[in-house]
Amino acid sequence: MRKTGNPGRAKLGPLMRLKPYLLRYRGRAATAFFFLTLAGLTTLTLPLAVRRVIDHGFSEANSTFISNYFSVLVVIAAILALASAGRYYFVMTLGERVVADIRRNVFAHITTLSPAFFDREQSGEIVSRLTADTTQIRSMVGATLSVALRNVILGTGAVTMMVVTSPKLSALVLAAIPVIIIPLVAFGRSVRKRSREAQDTLAASAAFASEQIGAIRTVQAFTHEEKARSRFAAAVEGAFDAARGTAAARALLTFIAIFTVLSSVVAVLWFGSRDVLSGVISAGTLGQFVLYSVFAAGALGALSEIWGELAQTAGALERIGELLDEEPAITVRQPELALPEKPDGAIALEDVSFAYPGRPDLPALQHIALAIQPGERVAIVGASGAGKSTLFSLLLRYYDPANGRILIDGTDIAQVDPQGLRQSIAIVPQDVTVFAATARENIAFGRPEASQEEIEAAAKAAHAHEFIEKMAYGYDTMIGERGITLSGGQRQRIAIARAILRNAPILLLDEATSALDAESEMLVQDALDRLMTGRTTLVIAHRLATVLKADRIVVIDEGRIVEEGTHDSLVRRDGPYARLARLQFESGAQAFRGAAE
Ligand SMILES: Nc1ncnc2c1ncn2[C@@H]1O[C@H](COP(=O)(O)OP(=O)(O)OP(=O)(O)O)[C@@H](O)[C@H]1O
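Thresholds, definitions, all that
- Residues numbered from 1 in each chain as written.
- Predicted model: local features only at pLDDT ≥ 70, side-chain atom pairs only at ≥ 80, totals over all residues.
- UniProt positions renumbered as here; feature names shortened; annotations may be inferred.
- Helix = DSSP H or I, 4+ residues; strand = E, 2+ residues; numbered from the N terminus.
- Rg over C-alpha atoms; globule rule 2.2 N^0.38 Å.
- Buried ≥ 20, exposed ≤ 12 C-beta atoms within 10 Å, placed from the backbone.
- Contact = placed C-beta atoms within 7 Å.
- Expected span 1.5 Å × (residues − 1).
- Pairing = 2+ DSSP bridges.
- Near = placed C-beta within 6 Å.
- Nonpolar A, V, L, I, M, F, W, Y, C, P; charged D, E, K, R; others polar.

Going by the annotation in an unreviewed UniProt entry, the name recorded for the protein chain is ABC transporter, with Limoniibacter endophyticus given as the source organism. Here is the UniProt Function (unreviewed entry) comment for the protein chain, exactly as written: "Part of an ABC transporter complex. Transmembrane domains (TMD) form a pore in the inner membrane and the ATP-binding domain (NBD) is responsible for energy generation." One UniProt comment on the protein chain, placed under Sequence similarities (unreviewed entry), says "Belongs to the ABC transporter superfamily."

Okay, here's the thing in structure tokens:
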């Protein structure tokens, strides 16, 4: 992600990103504001009461007055309590609402980004932005903003009342304000920078943890637990150090603010007491004034802490902003075209060259020219790293070629919306992802709106029905991470069922390299044959049976097509294919048996 932070300036700019979210909940925000103001104003009436009680004294003659007065105070207490409760409820729910919306938006945006982005970024780091950074925002909108507003109201009210009560004493207090504001601004900068650092470090540790947890078997097999533990501990300690730095900066900020403010109150009290002695003001007025100063001081003290919090949230919002500003690398070239509802599945690659963004100097594909007829079955063969998977990635528009065009039914796919394009393609990958869901949901991934009958029909055709039926809850059995672990052959059959359900005219098949036992192999092969029938199929072939059945074999080496033909013709030529075939296929005695039959 592009880092947009400029450590030299205290930028609260990222906070503006909250504006549309807050505007969306105007009503809720207005209600919260109403309760906030009410609570603030009610608090401001208290010093008035104190003055009157002091000036009128506690003499016998005034007992009725005092009784009435206390009844009024009870009413004020009730209003204050109600307003505070209302403020809490509306402000907190506003915070939760805004964060829920931000999380939704950020995740929705992430799903639109191209694989090039995910090549670059670690998934754990992205998830951390989605969770930890948004939590920081919740605490701000939910609590800080309300405390800030309350203190702004209290502070302004208190200062106004101070001026009303005694302009002379107020002037003294106001003189102290710049002394308080200047360090506030200066420290805000350092807090924002440190907060950004803390969140970055935290995200890095989250990324590391999610990677290690995902690969826990490998970690344990290589007895790397201790290494993993100490690396994570170091990352967490790094995050702690950064957080401690933020806390220290904020603590210092709070110290300066509270000390300067309270000393000025003490100074006022000293000047004020001389005025009382010389009879310029009454003792009650001084009491009232001091209470207002304490309110104002408290408000300023709180605001200084809030300034720190705002700066911290700006850091978090900046990180989220970077994610939201990330543009999908794949765009639709104008004029946009749509593929036919049911394309025939003719594929043409015209002089296609491509290098991965992460390795621009290494051409992954060079000058590929290939025309595939609807319904044709083409096997792609090549050594590891030759560029076979890259070809699939370009057909799916995970990336766009640097040169040349890819056409489906004569339409340049650069002009087609990637989603529309992918509708017409079904894929059976080598490593099948099984989601933590039921068997039914895992198959329905191919077409979520499919009916139970369609799902079962697909499972039957893929030879998955038999083993699913044998599981404790049939199609409702949880599989994947939270349930039953499937064998390699079973996973493949789930993937085939998905592809059957998708019922797309083009099929991209990356054959599994791992050997299956004879029975699974037969079931998978049979399922694949059914799946390939009537579809344009590109298969990255690892089995002799597959190349033998292909209409055409395309041999790729170092990103170029080096040979094309049928198995027999290519073996006869005794070129690169013949060599590859001897290496790849002859070692699999099983595959050879299959070929001989
Ligand atoms: N996301 C990526 N970013 C950068 N380079 C990549 C990326 N994916 C693949 N490559 C590189 O591109 C080249 C072609 O890789 P590709 O995955 O297409 O090979 P392959 O023929 O499918 O290999 P295999 O049979 O081992 O899967 C390799 O050199 C590989 O290292």
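Along the protein chain, the regular secondary structure elements total 20 helices and 12 strands. Its C-alpha radius of gyration of 35 Å places the protein chain more than 25% over the 25 Å reference for a compact globule of 597 residues. Summarising its shape, the C-alpha atoms of the protein chain cover approximately 120 × 55 × 50 Å along the three principal directions. The burial tally for the protein chain puts 36% of its 597 residues in the buried class. Residue pairs in contact within the protein chain that sit at least 24 positions apart in sequence constitute 83% of those at least 6 positions apart.

What follows is about helix α15 (residues 488-502). Over its 15 residues, α15 runs 21 Å from end to end, which matches the ideal 21 Å to within 8%, given 1.5 Å per residue. Here α15 lies mainly inside the structure; 14 of its 15 residues are buried. Immediately beyond the C-terminal end of α15, within one or two residues, lies asparagine 503, with a positive phi of roughly 50°.

The next point concerns the pairing of strand β6 (residues 425-428). Side chains Ile425 and Ile427 project from β6 onto one buried face, and the interleaved Ala426 and Val428 project onto a second face that is buried too. Pairing of β6 with strand β9 (residues 506-510) involves four bridges; the strand directions are parallel. Bridge pairing links isoleucine 427 to leucine 508 in β9.

We now examine the site of the ligand. Around the ligand, a shell composed of 13 residues is seen, among which Tyr356, Ser384, Lys388, Ser389 and Thr390 lie nearest. The element best represented in the shell around the ligand is helix α10 (residues 388-395), accounting for three residues. Class assignment for the residues of the shell around the ligand results in three nonpolar, seven polar and three charged.

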